[in-house]
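A closer look at the structure
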Amino acid sequence: MNNTYVMLSTTKYIKDEECFDTLKHIIKPNMSIVCLPYACDINYQFKECRKDLTYNGSFWNEHYNYFKEYGISKSNFYIATPSDNIEFIKWKLDKADIIYFSGGSMKNLKFMLQALGLWDMIKQLDNKVFVSESAGSLMLQRCYIVFTEEGMPSYYKGLGLVDVDLFVHYDKNNEIHNTNFNTMTIFDTAYAVADNGALIIQDNKISKVGEVVD
């Protein structure tokens, strides 16, 4: 697959000057974006699919504004709500330049992608830019790790699009974060991404912007 991946802890960081200077060569004016909000609370998704998640709704505006400075027009930003026609969502995904996974719950995201019949399709998408935050970034992995309060890792199957192991929302001053990430460093592909960091995979090369630890 000839995809590019921009993996974040929070999409707010793409508005940072350092990140913008890097991503402006990847996220270009007039590109079309499909946002998949399926990591949100499922009740919220269905309740707000005709309000917050649609054009000029609060969720829509918040997430569109992250990309506004890149020259993305409102007409090129679409949020695929669970009430939309599935074939229309698939068509939009196929035609989009950028697939954007917003954050939330990995469990919700995986359930919705499978329930809507999008899981296998997304794994076949080519020549796309994937922008993901938090749960969305973890879901791109072949498997993702969730730590219990006791620090025990649990492993879950992801989409398998990237060959890295990510720790998101990393805080170098948090002892528990450091302990959990040290557990992950048995993998050569382990990276910890802070809220002011991004991991980029392009042309099979990995680059770091901001605070990313390996």
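Residues numbered from 1 in each chain as written. Predicted model: local features only at pLDDT ≥ 70, side-chain atom pairs only at ≥ 80, totals over all residues. Heavy atoms only, no water.

The next thing to look at is the pairing of strand S6 (residues 143–147). In this sheet, strand S7 (residues 153–157) lies alongside S6 in antiparallel orientation, the contact comprising 5 bridges. Paired with Tyr144 across the bridge in S7 is Tyr156. Counted along the chain from S6 to the antiparallel partner S7, the turn is 5 residues long, and its residue Gly151 has a positive phi close to 85 degrees. (Pairing = 2+ DSSP bridges. Helix = DSSP H or I, 4+ residues; strand = E, 2+ residues; numbered from the N terminus.)

Here we take up the side chain of Thr4. Structurally, Thr4 can be placed in strand S1 (residues 4–8). Ignoring any residue separated from it by four or fewer positions in sequence, one finds Thr4 in contact with Ile26, Lys128, Val129, Phe130, Ile201 and Gln202. (Contact = heavy atoms within 4.5 Å.)

Another aspect to go through is the environment of Asp126. By secondary structure assignment, the location of Asp126 is in the loop between helix H6 (119–124) and strand S5 (129–133). In this structure, the C-alpha to C-alpha distance between Asp126 and Phe147, residues 21 residues apart in sequence, is 32 Å. Setting aside residues up to four positions removed in sequence, Asp126 forms contacts with Met1, Asn2 and Asn3. Within the local environment of Asp126, its side chain forms a polar contact with the backbone nitrogen of Asn2, the two atoms lying 2.5 Å apart. (Polar contact = N/O pair within 3.5 Å; in protein donor to acceptor, adjacent residues only side chain to side chain.)

As a rule of thumb, nonpolar side chains are buried together in soluble globular proteins. The biggest cluster of nonpolar side chains holds 39 residues, and the ones touching the most others in it are Leu36, Tyr38, Phe101, Leu113 and Ile122. Each residue touching Tyr38, except ones within four places of it in the same chain, is listed here: Gln45, Ala80, Thr81, Pro82, Ile89, Asn108, Leu109, Met112, Leu113, Leu116 and Leu118. Counting 29 residues, the second largest nonpolar core, distinct from the first, contains Tyr13, Cys35, Ile72 and Ile79. (Core = buried A, V, L, I, M, F, W, Y, C linked by side-chain atoms within 4.5 Å. Buried < 20%, exposed > 50% of the residue type's maximum accessible area, 1.4 Å probe, protein only.)

Among the residues of helix H5 (residues 106–115), Met106, Asn108, Leu109, Lys110, Met112 and Leu113 are the ones counted as buried. One side-chain oxygen at the N-terminal end of H5 lies 3.2 Å from the backbone nitrogen of Lys107; it belongs to Ser105. Directly after H5, the chain includes Gly117, whose backbone phi takes a positive value near 75 degrees.

With that out of the way, let us pick up the pairing of strand S2 (residues 33–36). Of the two faces of S2, the one carrying Ile33 and Cys35 and the one carrying Val34 and Leu36 are both buried. Across 3 bridges, S2 lies against strand S3 (residues 77–79) in parallel orientation. Within S3, the residue paired with Val34 across the bridge is Tyr78. Both S2 and strand S4 (residues 98–101) contribute to a ladder of 4 bridges, which runs parallel. Residue pairing in the sheet places Cys35 in a bridge with Tyr100 of S4.

According to the stated counting rule, one finds 6 salt bridges in the structure shown. The residue Lys90 makes a salt bridge to Glu87 at a minimum N-O spacing of 3.9 Å. Note that Lys90 and Glu87 are positioned in helix H4 (residues 86–95) at a spacing of 3 residues, about one turn of the helix. Between Lys208 and Asp214 there is a salt bridge, and its shortest N-O distance comes to 3.3 Å. You can call Asp214 exposed: its relative accessible area is 55%. One salt-bridge network, in which partners are shared between bridges, spans Arg142, Asp163 and Asp165. (Salt bridge = Lys/Arg side-chain N within 4 Å of Asp/Glu carboxyl O.)

For Glu62, the location among the structural elements is in helix H3 (residues 58–68). The exposure class assigned to Glu62 is partly exposed, which follows from its relative accessible area of 39%. Polar contacts involving the side chain of Glu62 include one to the side chain of Tyr66, which spans 3.1 Å.

What follows concerns unusual backbone geometry. The phi angle at Asn127 is positive, at roughly 55 degrees, despite the residue not being glycine. Counting through the fold element by element, Asn127 comes out in the loop between H6 and S5. Residue Asn127 is classed as exposed on the basis of its relative accessible area, which comes to 53%. If you check the backbone angles, Asp203 has positive phi at about 55 degrees while not being a glycine.

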